[in-house]
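Observations on chain architecture
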Amino acid sequence: MVLLWLQAAWGFVPGAALLIGAAVGYFARVPQRVIANIIALGSGVLISALSFELMDQAYRRGGFDSTAIGFLGVAAIYSAVNGYLSRNGAKHRKRSGHQQPSESQQGGSGLAIAAGSLLDGIPESIVIGLSMLKGGAVSLVAVAAIFLSNIPEGLSSTAGMRHAGRSIAYVAGVWVGIAVISGIASLVGYAVFQHFSAEVVAAATAVAAGAILAMLADTMMPEAFEHAHDLAGLITVVGFLAAFVLSKLGG
């Protein structure tokens, strides 16, 4: 029981990063180019983490078949759900400018943005729970990578919410809710999947990796490359290298 609560506590760590980013995004006036540079860094971190932590771990546990099925299957599902939410107002949920619609411009967009942000956050939290299945120790590399990437995610999205005229109650409700659900998702990832075979765990790990990569391509990287311009590629590479070094030091 103590281990379960410890796992839930680890799951709150990435959620805390979203809250930090959200607070900065709402109360500070951070230039869009700075936000884009931070997002590019976070994108590189996540790409490295899903490459060297998640996909490699999934392959070692369950082989190519389980990994490929989980990775491709969830990407298709994520894209379909994301497409539906985008048509209902959540398309620009990670954008820091004036792209997000207000509730008066598109009714129901507030709920769609909240649902989309939750869709983006759950796979990352499940990753933390799954990482604890190997020897009962959480992957500090995975936690660090997700934490570093969640700060710019919360920052950019909240800046866009503020521009759309969303209240502080709405912003706080979205991110506090996601932080709580993230802890629960992490707990579920550990408690449920410890009873399944290595192939199922491998597929679930690949599912999380596929969802994260699809989220990067659909929501985070467009913001980074629109405003960071020529530096976006370099900053993404720096983030990738930082997470790569963490993975090697952690190994």
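Residues numbered from 1 in each chain as written. Predicted model: local features only at pLDDT ≥ 70, side-chain atom pairs only at ≥ 80, totals over all residues. Heavy atoms only, no water.

1. Here's the deal with the overall build of the protein chain
From N to C terminus, the protein chain includes seven helices and zero strands. When the helices and strands of the protein chain are read in sequence order from the N terminus, they spell out α-α-α-α-α-α-α. In the protein chain, which comprises 251 residues, the proportion classed as buried is 50%. Sequence separation of at least 24 residues holds for 84% of the intrachain contacts in the protein chain that already meet a minimum separation of 6. If you sum the accessible surface of the protein chain, you get close to 10,700 Å²; carbon and sulfur atoms cover 72% of it. (Helix = DSSP H or I, 4+ residues; strand = E, 2+ residues; numbered from the N terminus. Buried < 20%, exposed > 50% of the residue type's maximum accessible area, 1.4 Å probe, protein only. Contact = heavy atoms within 4.5 Å. Areas by Shrake-Rupley, 256 points an atom, 1.4 Å probe, with all protein chains shown as cover.)

2. Notes on the UniProt feature "transmembrane region" (unreviewed entry) in the protein chain
Taking the numbering used here, the UniProt-annotated feature "transmembrane region" (unreviewed entry) corresponds to residues 6–27, 34–55, 67–85, 126–148, 168–193, 200–219 and 231–249. Overall, residues 34–55 shows 100% helix and 0% strand. The separation of its end C-alpha atoms is 30 Å. Annotated as residues 67–85, this span is 100% helix and 0% strand, and its ends, taken at the C-alpha atoms, are 27 Å apart. (UniProt positions renumbered as here; feature names shortened; annotations may be inferred.)

3. Here's the deal with the packing of aromatic side chains
In the structure shown here, the tally under the stated rule is one aromatic pair. Between the aromatic rings of Tyr26 and Phe27, the centroid separation amounts to 5.3 Å while the plane-to-plane angle is 75°, which identifies the pairing as edge-to-face. One cation-aromatic arrangement involves Arg166 over Tyr170; the distance from NZ or CZ to the ring centre is 5.3 Å. (Phe/Tyr/Trp six-rings, centres within 6.5 Å; stacked < 30°, edge-to-face > 60°. Lys NZ or Arg CZ within 6 Å of the ring centre and 35° of its normal.)

4. Observations concerning the pattern of salt bridges
Following the criterion strictly, the structure yields one salt bridge and no others. The partner of Arg60 in a salt bridge is Asp56, and the shortest N-O contact between them spans 2.8 Å. Residue Arg60 and its partner Asp56 are located together in helix α2 (residues 32–90), separated by four residues, close to a single helical turn. A residue is classified by how much of its surface remains accessible, and Asp56, at 30% relative accessible area, is partly exposed. (Salt bridge = Lys/Arg side-chain N within 4 Å of Asp/Glu carboxyl O.)

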